[in-house]
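Observations on the model geometry
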Amino acid sequence: MAPRVLILYTGGTFGMEPGLSLPELSVASLRARLQARVPELAQLADCTIDIVLNCDSAHVGPDEWLLLARRIRQNWKQYDGVVILHGTDTLAYSASALGFLLRPCLKPVVMTGAQRPLSALRTDARRNLISAVDIAANGPRALVGQVSIFFNDVLLQGNRARKRSASEFAAFESPQAAPLAVVGTSIRYAQKPYVANSRAAAARARAPALKPVFNRKVGMLQVTPGFPAEEVARGLLPGLDGLVLIVFASVTAPTHDPRFLALLRDARRRELPVVIVTESAAHAGATDSSANPESYPAGRQLIEEGCLWAGPMTKECAYVKTQILLGQGPGRAAFARRWKRDYAGEA
Ligand code: GLU
């Protein structure tokens, strides 16, 4: 029997018209488009199509993540794998969120999309979808039984990936994790299975279940020389439950500024967790674990002031993890305990 794959459509460039307008697709119209333009899908799997959303991914957030997770859970038993068609702008956030919502995820959930519409000449939509379905249908379960992102012949761990280009077909990279698979004349899967009987996987499995609740009062700000710490403390902090700071590349921040330190102390007084993350400068595919807040005094001080380091996480994953951990209940100490756990291979 052919493997069964559920294709969930959410919108994005994949289904747009050549002028980048977004038509309201129905199951029937999407099926007709796929039959016309990607007829070879039938050779790979028995595909069922469903429409979850019809939007630009700029309009996807916590409500839509919950909707997607519910739809997948309702259908979990009937399919060997799921492919989600999604716009690229917020795909990395959605992949991180689904990683938390679907854990332990033992079936493949491959997220993909396109930089040019399916209807366009030189589109990447066809090749992305064909390989994503092939991987969801036939990939080794121990490796691909997780939420992943497939673009431009590379399969990445979803909660380690980020968008790198709005114009190149290589839309995603995962600076802190090697690809799970690379597609060439054949699909070359990585050797080290993600769901191995390793200590990390066992610890992950023991992590408590997460309630599907995202706290929306999380701000994410990039620190800069001359950062307006006073204004953030006065204007923003009182309305927030959590703060993610994107700090400088070597995990440092303007801690020489008493106003910046006052901001961190104010957050502590308010029981508000502060997470620090960097935009890694590593090349895609490289594993760079050298960035560390312990390296410089301007980083150590962040830890002394109670900031929580996001380690290898992307800013997208750190942000979503902050949202969902705050959704588990209040308290900075409880947050800090949860923060150190690896729930979905993100830590
Ligand atoms: N705004 C679009 C979206 O994220 C970006 C293009 C795309 O779909 O890749 O939906």
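Everything numeric here is computed off the predicted structure, so don't read it as measured data.

Parameters at a glance
- Residues numbered from 1 in each chain as written.
- Predicted model: local features only at pLDDT ≥ 70, side-chain atom pairs only at ≥ 80, totals over all residues.
- Heavy atoms only, no water.
- Helix = DSSP H or I, 4+ residues; strand = E, 2+ residues; numbered from the N terminus.
- Expected span 1.5 Å × (residues − 1).
- Buried < 20%, exposed > 50% of the residue type's maximum accessible area, 1.4 Å probe, protein only.
- Arc of directions from axis to C-beta.
- Contact = heavy atoms within 4.5 Å.
- Near = heavy atom within 4 Å.
- Polar contact = N/O pair within 3.5 Å; in protein donor to acceptor, adjacent residues only side chain to side chain.
- Areas by Shrake-Rupley, 256 points an atom, 1.4 Å probe, with all protein chains shown as cover.
- Pairing = 2+ DSSP bridges.
- Axes fitted to C-alpha atoms, helices over the stretch in contact; angles between N-to-C directions.
- Disulfide = S-S within 2.5 Å.
- pLDDT = per-residue confidence, 0-100.
- Phe/Tyr/Trp six-rings, centres within 6.5 Å; stacked < 30°, edge-to-face > 60°.
- Lys NZ or Arg CZ within 6 Å of the ring centre and 35° of its normal.
- Salt bridge = Lys/Arg side-chain N within 4 Å of Asp/Glu carboxyl O.

**Notes on helix α3 (residues 62-75)**
Helix length check: α3, at 14 residues, gives a terminal C-alpha distance of 20 Å against a target of 20 Å (1.5 Å per residue), a fit within 8%. Those residues of α3 that sit buried are Pro62, Glu64, Trp65, Leu68, Ala69, Ile72 and Asn75. Angular distribution of buried residues about the axis of α3 spans 160 degrees; they occupy a single face of the element. Buried residues in α3 make contact with β1 (4-11), β2 (46-55), β3 (81-85), α4 (91-101), β4 (109-112) and α11 (315-326).

**Section: the site of the ligand**
All residues in the neighbourhood of the ligand are listed as Gly12, Thr13, Asp56, Ser57, Gly87, Thr88, Asp89 and Ala114. Side-chain polar atom of Thr88 to an oxygen atom of the ligand: 2.5 Å apart, as the coordinates give it. A distance of 2.8 Å is found between a nitrogen atom of the ligand and a side-chain nitrogen or oxygen belonging to Asp89. Considered on its own, the ligand offers 280 Å² of accessible surface; in the complex 88% of this is hidden by protein.

**Brief notes about the sheet that holds strand β12 (residues 242-247)**
Here we have four strands laid out as an open sheet, ordered β11-β12-β13-β14, and parallel in their pairing. The sheet terminates laterally at β11 (218-222) and β14 (308-309), the two strands that pair on one side only. Relative to β12, β11 is paired through five bridges, and the arrangement is parallel. From the neighbouring strand, Val218 faces β12, where its bridge partner is Gly242. Relative to β11, α11 is tilted by about 155 degrees, and along the sheet it contacts β11, β12 and β13 (274-278).

**A few points about the state of the cysteines**
Summed over the entire model, instances satisfying the criterion amount to zero disulfides. Just so you know, Cys105 is unpaired, no disulfide at all, and the nearest cysteine sulfur is the one on Cys317, 14 Å from it.

**Observations regarding the confidence of the model for the protein**
Of all residues in the protein, 95% have pLDDT values of 70 or greater, and the mean over the chain is 93. Low pLDDT (under 50) marks residues 283-287, which in the prediction has twelve contacts with non-local residues, meaning those over four places away or in another chain.

**What about the packing of aromatic side chains?**
Aromatic ring pairs are reported here in terms of the distance separating the ring centres and the angle at which the planes meet. Taken as a whole and judged by the stated rule, the model has five aromatic pairs. Taking 5.1 Å as the distance between ring centres and 70 degrees as the angle between the ring planes, the aromatic pair formed by Trp65 and Phe214 counts as edge-to-face. Taken together, the residues span a long stretch of sequence, with Trp65 in helix α3 and Phe214 in the loop between α7 (199-206) and β11 at a distance of 149 residues. You'll find Trp65 and Phe214 in the same group, each marked buried. Here the basic side chain of Lys321 rests over the ring of Trp339, its NZ or CZ set 5.0 Å away from the ring centre.

**Let's talk about the pattern of salt bridges**
Scanning the model with the defined rule gives 19 salt bridges in all. Of the charged contacts in the structure, one is a salt bridge between Glu17 and Arg33, with a shortest N-O distance of 3.4 Å. Within this pair, whereas Glu17 is found in the loop between β1 and α1 (27-37), its partner Arg33 is found in helix α1, the two being separated by 16 residues in sequence. When the shortest N-O distance is used, the salt bridge between Asp89 and Lys163 registers 2.6 Å. One end of the pair, Asp89, is in the loop between β3 and α4; the other, Lys163, is in strand β7 (residues 162-163), with 74 residues separating them in the sequence. Using a relative accessible area of 47% as the deciding quantity, one classes Asp89 as partly exposed. Each of the salt bridges in this network shares a partner with another, and the network as a whole consists of Arg162, Arg164, Glu168, Glu173, Glu279, Lys315 and Glu316.

**Quick look at the environment of Leu25**
Following the sequence through the fold, Leu25 ends up in the loop between β1 and α1. Between the C-alpha atom of Leu25 and that of Leu53, which follows or precedes it by 28 residues, the distance is 9.1 Å. In contact with Leu25, other than residues within four places in its own chain, are Tyr9, Gly15, Leu30, Arg33, Ile51 and Asn54.

**With respect to the sheet that holds β2**
In space, the eight strands of this open sheet follow the order β2-β1-β3-β4-β5-β6-β9-β10, with mixed pairing throughout. Two strands bound the open sheet, and with one partner strand each, they are β2 and β10 (187-189). Each adjacent strand pair in this sheet contributes to an overall mean axis angle of 20 degrees, direction not counted. Packed on one face of the sheet, α3 meets β1, β2, β3 and β4 and runs near 160 degrees to β2. Its contacts with the sheet place α4 against β3, β4 and β5 (147-151), and it is angled at close to 155 degrees to β5.

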